[in-house]
Amino acid sequence: MEPREAMENKNASLADLCAEFRANNQIPAEKFDLYNVKRGLRNPDGTGVMAGLTLICNVHGYLIDDGERVPDEGRLTYRGIDVRDIVEGCQRENRFGYEEVAWLLLFGKQPTRRQLDRFCSVLNAYRELPEYFAEDMIVKAPSRNIMNKLARSVLALYSYDDNPDDTSLENNMRQSMQLIARLPTIMTYAYQVKRRHFDKESMFFHPIDPSHSIAESILNAIRPDRQFTDDEAKLLDLCMMLHAEHGGGNNSTFAARVLSSTGTDIYSAIAAAIGSLKGPRHGGANHRVMTMMGDLMDHVDNWEDEGKVKDYLVKIVRREAGDHSGLIYGMGHAVYTISDPRAVILKEKARSMAQQRGLLRQFELFERVERLAPQVFAEVKGDSKVISANVDFYSGLVYECLGIPSDLYTPLFAISRIAGWCAHRIEEMETCGRIMRPAYRSLSHLRPYIPLDERTE
Ligand code: COA
């Protein structure tokens, strides 16, 4: 513990430094318009700035009519196939689908049975981590946050790769398949270490069963008794399919593409993508939704009272409640307007799971918030933008019903999205061939250099 005086001095000097920063670093909002700067890489109508071409995925959320953005039902396609059809197809055939989605995203068409079987065996063979990796990279220097551990572990895999910097298609494919297979193992190991170190619970490392799908392997690793039902594993698999990919413009995929455009190694690109996904406006929102809803349940005495729920949402948007960010987590999207197709599917799953687990009252509260949030958004912000529940609104509730700990909500997003990130990295390297390098307009003016002794505070 530092002596009190030293601590006070540090805090005081930190406050001075921040005041210094604020005094010298103001950029008035109107300058962005003046210089036609696309804040957040958005056009004035909220659509994204066109940054590339892709064959991998399409995210549809609005129509353009006479140059105007018109809200529309959301549709998500992987390599041209509606994600709903993929999900329903796998359900009809009663089989796991995430591995098939990973193939589709990476290679560009649906795999034949033979191709899929071979792909699954390659993934199974890669699932174990390199020798001593767990001891040296996961058990040591534990992290409270599994996303942080995932990013660090992915960077560390560079040291265990004999050919890390080769950016040929063959090498990128090998590394991508290894990452898709290994990320879930890293996640479950990191979770055990976090439990032991920070939560003072027992760690357990069950052997990996090579016959398991990725979804089964996760439930196998996080349940002390290794017991789970086929329905539970298929539901987790469905969540993974829905999170596997979302176009080139989402922040984490764009980060992976930006880094890949420099020709850097895959581990650097994927670690950056994980860091991006961790943010609360991106994948970290699924965790924030559950915290927000917990907070709402604690502060609203009658969940059935729409007026009281609405008042609380108003407080959230006015930054008077919740985490004071002003955001109703799980609501709104950069592309989707009337609906996010992933949220529509997850909502139905959440409803039936909640029914089975006696959590229907909780589910109905989620539904109430989903209904009221757009009204509150419009009334408080005076914004005409059409918003609806996004993928993160119901995913946490589904995970909770599956008994999955909240530490894993965002990591589950990452271990699913790895397929999309890898597909986009490869597409960037194989089809683009230019370093991404946008411009920043400088607002500073030329000033003379002042010798140290002549400067004033
Ligand atoms: N709750 C409250 N305000 C919201 C909001 C929400 N869920 N979503 C957007 N807004 C507000 C923004 O704060 C911003 O207000 P400002 O103009 O006063 O700064 C305005 O609406 C426009 O937001 P912007 O960030 O430009 O919209 P976007 O379409 O780019 O945002 C998200 C997309 C997802 C980042 C945004 O809707 C959000 O932050 N949602 C909550 C976090 C979340 O669920 N993220 C997961 C995304 S899958």
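Residues numbered from 1 in each chain as written. Predicted model: local features only at pLDDT ≥ 70, side-chain atom pairs only at ≥ 80, totals over all residues. Heavy atoms only, no water.

If you walk through the whole model with that rule in mind, you get 11 aromatic pairs. Ring plane angle 65° and centroid distance 5.5 Å describe the contact between Phe-366 and Phe-393, whose orientation is recorded as edge-to-face. You can see Phe-366 sitting in helix α16 (residues 360–381) and its partner Phe-393 sitting in helix α17 (residues 391–401), a full 27 residues away along the chain. Each member of the pair, Phe-366 as well as Phe-393, carries the same accessibility label: buried. Each ring, one from Phe-366 and one from Tyr-394, has its centre 6.1 Å from the other, and the planes form 35°; the classification is tilted. Of the two residues, Phe-366 sits in helix α16 while Tyr-394 sits in helix α17, which places them 28 residues apart along the sequence. Taken as a pair, Phe-366 and Tyr-394 share a single burial class, namely buried. Here the guanidinium or amino end of Arg-39 rests over the ring plane of Phe-32, the centre of that ring lying 4.7 Å away. (Phe/Tyr/Trp six-rings, centres within 6.5 Å; stacked < 30°, edge-to-face > 60°. Helix = DSSP H or I, 4+ residues; strand = E, 2+ residues; numbered from the N terminus. Buried < 20%, exposed > 50% of the residue type's maximum accessible area, 1.4 Å probe, protein only. Lys NZ or Arg CZ within 6 Å of the ring centre and 35° of its normal.)

Let us look at the pattern of salt bridges. In the structure shown here, the tally under the stated rule is 22 salt bridges. Measuring nitrogen to oxygen at the nearest pair gives 2.7 Å for the salt bridge that ties Arg-257 to Glu-428. Of this pair, Arg-257 sits in helix α11 (residues 251–260) while Glu-428 sits in helix α18 (residues 409–431), and the two are 171 residues apart along the sequence. There is no split in this pair, since Arg-257 and Glu-428 are both buried. A salt bridge links Asp-340 to Arg-342; the shortest N-O distance between them is 2.8 Å. Salt bridges here are not isolated pairs; linked through shared partners, they connect Lys-347, Glu-348, Arg-351, Glu-367 and Glu-370. (Salt bridge = Lys/Arg side-chain N within 4 Å of Asp/Glu carboxyl O.)

With respect to the helices and strands, Ala-271 occurs in helix α12 (residues 266–277). Owing to a relative accessible area of 10%, Ala-271 belongs among the buried residues under this scheme. Between the C-alpha atoms of Ala-271 and Ala-256, which are 15 residues apart in sequence, the distance is 8.4 Å. Not counting residues within four places of it along the chain, the set of residues in contact with Ala-271 comprises Ala-151, Val-154 and Leu-155. (Contact = heavy atoms within 4.5 Å.)

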